[in-house]
Amino acid sequence: MLLTFLQGLSPWHWLSLGILLLIVEVFDAGGYLLWLALVATGLALLLQVLPDFSWKLQLLLFVSLSTPLLLLWKRWRRYLLDR
């Protein structure tokens, strides 16, 4: 069942995830979910232009783009708090 869902990932799934993450970010003022939402929304836009990405490549792109952004956000936030 999960594999069937993953094989059918569409830009609408990523856009829905991005919107959901933005809504949750409103209630959690940490800023971490904002970056995940931006990556998910960007992936939705990318899939609109290039729709032939496999689900494995989609998940790999999501993880490989969100991880550096989260690490940079953590570092930048620590810098701002230490000032």
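Small disclaimer: the values here were computed from a predicted structure and weren't measured.

Novice: I keep staring at a nonpolar patch on the surface and nothing clicks. Help me out?
Specialist: Together, Ile19, Ile23, Val26 and Phe27 make up a nonpolar patch on the protein surface, roughly 460 Å² of accessible area in all. For phenylalanine 27, the position within the fold is in helix α2 (residues 11-27). In this structure phenylalanine 27 comes out as exposed when scored by relative accessible area, which is 73%.

Novice: Sorry if this is basic, but what is going on with the packing of helix α3 (residues 32-49) against helix α4 (residues 55-82) here?
Specialist: For any two helices packed against each other, one specifies the inter-axial angle together with the distance between the axes. It is at 9 Å that the axes of α3 and α4 come closest, and there the two elements cross at 150 degrees. The angle between α3 and α4 places the two elements in the roughly antiparallel class. Here α3 and α4 pass one another in a crossing that is right-handed. Residues Tyr32, Trp35, Leu36, Val39, Ala40, Leu43, Leu46 and Leu47 of α3 touch α4, and the partners they reach there are Gln58, Leu61, Phe62, Leu65, Ser66, Leu69, Leu70, Trp73, Lys74 and Arg77. Of the residues belonging to the contact of α3 with α4, the class tally is 14 nonpolar, two polar and two charged.

Novice: What is the right way to read the nonpolar core from this model?
Specialist: Within soluble globular proteins, side chains that are nonpolar generally end up buried alongside one another. Counting 13 residues, the largest nonpolar core has Trp14, Leu21, Leu36 and Phe62 as its most contacted members. Secondary structure elements with two or more residues in this core: α2 and α3. At eight residues, α3 tops the list of elements feeding residues into this core. Residues in contact with tryptophan 14, not counting those within four places in the same chain, are Leu9, Ala40, Thr41, Leu43, Ala44, Leu47, Gln58, Leu59 and Phe62.

Novice: Would you mind showing me how to read the UniProt feature "transmembrane region" (unreviewed entry) in the protein here?
Specialist: The UniProt record marks residues 12-27, 32-49 and 55-73 with the feature "transmembrane region" (unreviewed entry), using the residue numbering of this structure. Annotated as 100% helix and 0% strand, the span residues 12-27 places its first and last C-alpha atoms 23 Å apart. Note that residues 55-73 is 100% helix and 0% strand, and that its end C-alpha atoms are spaced 27 Å apart.

Novice: Even after reading the chapter, I still don't get the packing of aromatic side chains, so can you show me in this structure?
Specialist: Aromatic ring pairs are defined here through the distance separating the ring centres and the angle between the ring planes. For the structure shown, the criterion picks out three aromatic pairs. Aromatic pair tryptophan 73 and tryptophan 76: ring centres 5.5 Å apart, planes at 65 degrees, arrangement edge-to-face. Of this pair, tryptophan 73 and tryptophan 76 both sit in helix α4, three residues apart, which is roughly one turn of the helix. Looking at tryptophan 76, the relative accessible area reads 46%, which means it is partly exposed. Three or more aromatic residues link up through ring pairs in this structure, and these residues are Trp35, Trp73 and Trp76.

Novice: Just checking my understanding: could you explain the environment of leucine 15 for this structure?
Specialist: For leucine 15, the location among the structural elements is in helix α2. For leucine 15, a relative accessible area of 27% corresponds to the partly exposed category. With 11 residues separating them along the chain, leucine 15 and threonine 4 place their C-alpha atoms 19 Å apart. If we skip the residues at most four places from it in the chain, leucine 15 touches Thr41 and Ala44.

Quick notes on the rules
- As a convention, each chain's residues are numbered from 1 in the sequence order in which they are written.
- In keeping with the predicted nature of the model, local features appear solely for residues at pLDDT of at least 70, side-chain atom pairs appear and are counted solely at 80 or more, and the whole-chain, interface and lining totals rest on all residues.
- Excluded from the side-chain calculation are hydrogens and water; included are all heavy atoms of the structure.
- Residues enter patches when their relative accessible area tops 30% and they take part in no salt bridge; the joining distance is 9 Å for like charges and 5 Å for the nonpolar side chains Val, Leu, Ile, Met, Phe, Trp and Tyr.
- To measure how exposed things are, a 1.4 Å probe is used in the Shrake-Rupley method; for residues, cover is taken only from the protein chains shown.
- Any Lys or Arg side-chain nitrogen located within 4 Å of an Asp or Glu carboxyl oxygen qualifies as a salt bridge.
- Working definition: helices are DSSP H or I runs of at least four residues, strands are E runs of at least two. Numbering for both runs from the N terminus.
- A simple rule labels every residue: compare its accessible area, found with a 1.4 Å probe on the protein chains alone, to the largest value its type can have, and call it buried under 20%, exposed over 50%, or partly exposed in between.
- To obtain an axis, a line is fitted to C-alpha atoms, over the contacting stretch when the element is a helix, and the angle between two such axes runs from 0 to 180 degrees between their N-to-C directions.
- Roughly parallel refers to an angle under 35 degrees, roughly antiparallel to one over 145, roughly perpendicular to one between 65 and 115, and oblique to any angle outside these ranges.
- Left-handed describes a crossing in which the near helix is turned anticlockwise from the far one by less than a right angle; the clockwise case is right-handed.
- Residues are treated as being in contact if the distance between any of their heavy atoms lies within 4.5 Å.
- Residue polarity is assigned by list, with Asp, Glu, Lys and Arg as charged and Ala, Val, Leu, Ile, Met, Phe, Trp, Tyr, Cys and Pro as nonpolar; anything else, Gly included, falls into the polar class.
- We define the nonpolar core as a collection of buried residues of types Ala, Val, Leu, Ile, Met, Phe, Trp, Tyr and Cys that are connected through side-chain atoms lying within 4.5 Å of one another.
- UniProt positions are given in the numbering used here, feature names are shortened, and annotations may be inferred rather than shown by experiment.
- Any two rings among Phe, Tyr and Trp, with Trp reduced to its six-membered ring, count as a pair given centres within 6.5 Å; such a pair is stacked if its planes are under 30 degrees apart, edge-to-face if over 60, and tilted if neither.

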